Each structure stands twice: as C-alpha cells, then as structure tokens.
Number of protein chains: 2
Amino acid sequence: MSIRVGIVGYGNLGRGVEQALARQQDLHLVGIYTRRDPLDVTPASGDVHVGRVDELADEDTRAGIDVLVLCGGSRLDLPEQGPELARSYTTVDSFDTHARIPEYFAAVDAAARAGNTTAIISVGWDPGLFSLNRVYAQSVLPQGTTATFWGKGLSQGHSDAVRRVPGVAAGVQYTVPNEEAIARVRAGTGADLATRDKHTRHCYVVLADGADAEEVRSAIVTMPDYFADYDTTVTFISAEELRRDHSAMPHGGVVIHSGETSPGTVNSIEYRLTLASNPEFTASVLVAYARAAHRLSSAGEHGAKTVYDIAPGLLSPRSPEQLRAGEL
Amino acid sequence: MSIRVGIVGYGNLGRGVEQALARQQDLHLVGIYTRRDPLDVTPASGDVHVGRVDELADEDTRAGIDVLVLCGGSRLDLPEQGPELARSYTTVDSFDTHARIPEYFAAVDAAARAGNTTAIISVGWDPGLFSLNRVYAQSVLPQGTTATFWGKGLSQGHSDAVRRVPGVAAGVQYTVPNEEAIARVRAGTGADLATRDKHTRHCYVVLADGADAEEVRSAIVTMPDYFADYDTTVTFISAEELRRDHSAMPHGGVVIHSGETSPGTVNSIEYRLTLASNPEFTASVLVAYARAAHRLSSAGEHGAKTVYDIAPGLLSPRSPEQLRAGEL
C-alpha cells in the first residue's frame, strides 16, 4: 500500500517535496497544508488537497496521512511545529540550526513518545548526508582528519549581505571551494586549514542607478565577517543577466576524510554532491527518510530519531531480501 | 569496557585488522586464531595470544571474546567458518561472492539465531561502503543512473592471468577508470557504458629469460575475457622495479549516481575511495562494524545482518547524544 504523505509549508522546499514524491512509486501526496490562504497556493499536481495547517488537528485528516514532511524554517516554524505535530503525526523535518539540535531533539522526542509516533529530525544534506559521511569515515579511519567544503553554491545569507550594501540594486553570492585546499586535505596535510582558506566568494551585482562601481566593490570586499577574510570577487551584471543566469539554486560540496591504516599508508574517502537545485535535492532526501519514518512507526519504534539512527536499507523501496540479492 | 576482539585467519586481511584495532580506543585484540602452526605466526603486537582455530570451540575461549572478525576467503573458508562460528560467537566477515550472498546469509542467520549471536556479513568496501552509497543515492534520486568505477587498483585475478602467459616471469595488473566515461556518468549520459568502456588495464611485466617481448604483449592484449575487450597496455620492467614500485596493494574507485529532481535539473552524488592499502582499509571497515555487532548482540538483536541493516551511529565510538551535539 502506498504511503500517504502530507506537506506542511509550500515554499521552495515544499514544492521540492511535491516533485520528489512524484518520482517515488510507493509514496504519494495526499495534501498540502499552509499558513497562507489555500486559494493562493497552486500545486504542481493539480488535483491535490490544499488546506490550512489548522486542519491537521482534525481526527479525519490525521487518519488519512501516514507521514508529514515539515517544510518550514528552522528559526521560527519548526521549533513550534515540530513538537506540536509530532504529538499526532509521524514526521520528517530538516531542522538545521546545528547548535540547537539537542534541545529540539528532546522536545520532539517527548512529543513523539507521548503520541506513539516517529519523528526523524535534521534530514537533508548538511545536516544529513554529509553528517552521515563524516561519521562513517571517522568510524572507519579514526586517526584521520575530516574537512567539509561547501559549493559551488548560492549562499542565502551572503547574498542578503550583498543586497544590503548601498548602491546594490540586486545580487547573489556564490561560495566556491578552493581546489588547492581540497588537494591538501586529500593528501592528509590540510588539518590547519580554516574555513576562509578553503573557500572563495563570488558576487554578481546589479548596480542601482547612479551608483559607483568601485565604491560598491570596496564596500563588499571589506565587509567584516562576511567577506573581509575571504578572497572575494565582484562582477557587475545587468538585471537581465541576473534573471537569466543566476535564478537557479545550485549548491553542493564535498566531505573529505584522510587517515592512515598503518604508518605512512594514507587512504582517503570523499563524498561529493553537485546539486542543480539545493531545495529540490534536500526535499528528495526528506522523502526517502519519510519512507523510513513510516516503516519505523509501523514497527512500533517511536520517538525522535536522527539520520544516525536509521539503517540505510529503510530508505530503499526494496526489501532486505531484494537488497541482498541484487546489490551487495 | 573495551570490546574484546579475536581475529580468525592471519593473512593480509587479518594483519590489517590487527593494525586497525590498534587505532581504535574502545576495541582491543585478545587473540589470533589460525589454521597454521601458531609458532609460524608472528603478530605485530608482540604480546597477543596466538592459537589454533580449534581453540575457539573451548568454552573458556568463548567467554573471553566479544566479537570475532573472520578474515578467511569467500570461496573456501567463510562458507564453512561463517555459520560454524556464528553458532557460538558474534562475528563480522567480508564474504564477497555477490551471487551467493543470499544463501550465505541464510546459513549464517540460522546459526546466529540458534546461538543468540549477531553476525554482520559482507562487510568491506565493495560489497560494503559502495553498496551503501548505491542504496542511499538510489533511494534519494530514484529516477537516475548509477555507475561504479574500480581503480586505480591492483586486480588479483587479472595479475594471475598475466603471470600464466608463457614468457612472463612475474607481473601485476592495474585496473584504471576511464576519465571520459566518468565525465559522462556525472552528466547523466552514461547509462549505456559497459564495464570495458569504463576501465583500461595496465600490465607491468618482468620477462622470463629469452622470452620475446612482442609475443608476450600480443598474448596478453588478445586474451579473451580478461583483456581482449579492453584498452590494455603492457610495460616491461625489471624484477627490481617490480619489487620496488609494485608491491603495495592500492585500490579504490568511485560510485556515481546522477538523477533529476525536476525536468532538466540533474544532481549528482559521488563517493570516492583512494586506498593506499586495499586489505588494510577493508580491515578498518570490518573493525568499525565489529563495534556495531557487539552493540547489537548486547542489545539482544540477534541473527545475520548486512550493512543495510546497521544504523550508521552504531559504527561510531560516540554515543547518540554526542553525535547529535557535535556533528549533526
């Protein structure tokens, strides 16, 4: 029987979950729940129910949904919605405020145990698949060094910082990993690299009418915290170029771990994501974990979980027998 | 309390397990068990017990070991030792005859259930970490294509084939992935590539006295099954060069999966191993799974398992709380 999934929140991530569900055979979308006016939401899949988040309190709604994928933000939405909805639904979310994961886990865990549901938190690629790869690599080669590089990717926070500079009409910022630093980490000699040594920053800026390009460039590259410590380039483009070339949301990165297995014998493990769409890929990870959440919930394994707690086979549509026969 | 580990079989893999255990803080080696005369075995760590495999039948031996790492071969040793030892010990092995995994699993599972032990089979990198990465990637991006490239690596089977050619005194063969094919798979256009399109083969040969180099080269590159379908090079070297430059056992490879998240939006996931020592790295993976096997066994989760059944956090020396606080 196909797993019935509800989406809570219909921004970039929620739309990505809708796309991802369309690519899975054993999961299907039953409803989109939003805080906006449902009439303002136009799902890609025309015939799906769109309702208000409040509807999720109804017993009938609850009976028709196996898993909710929570697509709200980590700052305002999830701290409230995560525990609240885990009381009645098996859930998956992408909570990504690293420092607050323990307290968020505790709140969701209490709710899920009380409600006999299962909640997998902090799913995505970082935290998520990158975290898993760091743990696999460090467990196998404990005497080693791990480095994570992000990009090439559009950074929302740094793009916002660029747009706040006087004279900037619009713009985006990409974080790009430094290939020399990657080579050092691969060779096991990159333990001393700081984040600023590992990445460069590239800004594409549309100037406001009458703004001075050199002043804008200088204001950006000297901005403390955001750019001053980095090798930063600023390229001026037209509004048309910005729309045409910079409206996708690519991202990705690489986790590299190098470690010795005997004196002088260095092995490296490298996990690389090249994402044409950051939100769509994150959504695809959430959907695979929604399958695992439903299986765990059905098996009576309740409470909050993270990706570390989920056996890989639970993500696959195939049975353990099929996996052993076909793949190992 | 430190986990007490026994090694069964002391070839390259068994010696690798010994090295790997020395790099883990919460596991330690208590004994090496061999079919050879124990007096012929000289452990790297001087003070460890060396005994015959028969000793493992003793109740006292059993009481002093938490996990056995089985380091025998998949063809002759494991089909017998795996089920036999799983009756009395929690075990980890690297059974890698892909086609026979279901029957091996069934035999080990019956033994482990009867003995209230836990046995993790087919651990290593392929099968093992590569299998995991194929399943993670295919679960997240189900509409995609996966390709595995092996190398640069020393192939034992192909090296043996080279050495059987008349006129060859000694030699080795490396399998090397084709970079053009890798680029096609990354871009999502490599679905039609056969193994022979994806790899080239490089032989380093020491000629026997009086042998004709051109005849030997021709016999190698035209050998059916092994070389005829591949782009193969033969380089003649001295016995001294062979010893100096080709006695390591490097290997590795890459699993690449590309898939769309919406029409035209291609994302790729790449997992790459660069191994200076194939047996030492395989041993390191076995040791991390030995930790998981002991934890599962202690928790009463008995029977045979594969890497698909093991939650990643179980491999780590850190607790779930530590993982959530530090890493996610």
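Everything discussed here concerns the structure shown above.
Okay, so let's go over this structure. Keep in mind it's a predicted model, so treat the numbers as computed, not measured.

About the criteria used
Residues numbered from 1 in each chain as written. Chains lettered and ligands numbered in written order. Predicted model: local features only at pLDDT ≥ 70, side-chain atom pairs only at ≥ 80, totals over all residues. Heavy atoms only, no water. Helix = DSSP H or I, 4+ residues; strand = E, 2+ residues; numbered from the N terminus. Buried < 20%, exposed > 50% of the residue type's maximum accessible area, 1.4 Å probe, protein only. Salt bridge = Lys/Arg side-chain N within 4 Å of Asp/Glu carboxyl O. Contact = heavy atoms within 4.5 Å. Axes fitted to C-alpha atoms, helices over the stretch in contact; angles between N-to-C directions. Parallel < 35°, antiparallel > 145°, perpendicular 65-115°, else oblique. Nonpolar A, V, L, I, M, F, W, Y, C, P; charged D, E, K, R; others polar. Polar contact = N/O pair within 3.5 Å; in protein donor to acceptor, adjacent residues only side chain to side chain. Least-squares fit on C-alpha atoms with pLDDT ≥ 70 in both.

### Here's the deal with the environment of Q138 of chain A
All names here are of chain A. With respect to the helices, strands and loops of the structure, Q138 is situated in helix α5 (residues 129–140). Classification of Q138 by relative accessible area gives partly exposed; the value is 23%. Here the alpha-carbon distance between Q138 and H257, two residues 119 residues apart in the chain, equals 7.4 Å.

### Some thoughts on the pattern of salt bridges
Scanning the model with the defined rule gives 34 salt bridges over all chains in all. Two residues, E321 of chain B and R324 of chain B, come together in a salt bridge whose shortest N-O distance is 3.9 Å. Here the residue E321 of chain B and the residue R324 of chain B both occupy positions in helix α12 (residues 320–326), the gap between them amounting to three residues, near one helical turn. The class of E321 of chain B is partly exposed, set by a relative accessible area of 49%. On the accessibility criterion, R324 of chain B (10% relative accessible area) is buried. When salt bridges that share partners are traced, they join R35, D77 and E80 of chain A into one network.

### Notes on helix α1 (residues 12–22) of chain A
What α1 of chain A keeps buried is the set L13, G14, G16, V17, E18, A20 and L21 of chain A. Buried-residue contacts for α1 of chain A involve β1 (3–8), β2 (27–34), β4 (67–70) and α11 (278–298) of chain A.

### Brief notes about the packing of α5 of chain A against helix α11 (residues 278–298) of chain B
Between α5 of chain A and α11 of chain B, the least distance of the axes is 8 Å, while the angle of their chain directions is 105 degrees. Our classification of the angle between α5 of chain A and α11 of chain B gives roughly perpendicular. Judged by residue contacts, Y136, S139 and V140 of chain A of α5 of chain A engage F281, S284, V285, A288, Y289 and R291 of chain B from α11 of chain B. Looking at side-chain class alone, the contact of α5 of chain A with α11 of chain B contains six nonpolar, two polar and one charged residues.

### Focus: the environment of H199 of chain B
All names here are of chain B. Tracing the backbone shows H199 in strand β10 (residues 199–207). C-alpha separation for the pair H199 and S218, spaced 19 residues apart in sequence, amounts to 19 Å. What H199 contacts, discounting residues up to four positions off in sequence, is T148, F149, W150, T175, V176, P177, N178 and Y230. Within polar-contact distance, the side chain of H199 engages the backbone nitrogen of W150 at 2.9 Å.

### Quick word on the relation of the copies chain B and chain A
For these two chains of identical sequence, chain B goes onto chain A by a turn of 180 degrees and a shift of 0.0 Å along the axis, with RMSD 0.0 Å. Such a turn and shift between the copies fits a two-fold axis. In terms of proximity to the rotation axis, the leading residue of chain B is A311 of chain B, whose C-alpha is 1.9 Å off the axis. Comparing interface residues between copies, 100% of those in chain B also sit at the interface in chain A, which points to an isologous, same-surface contact.

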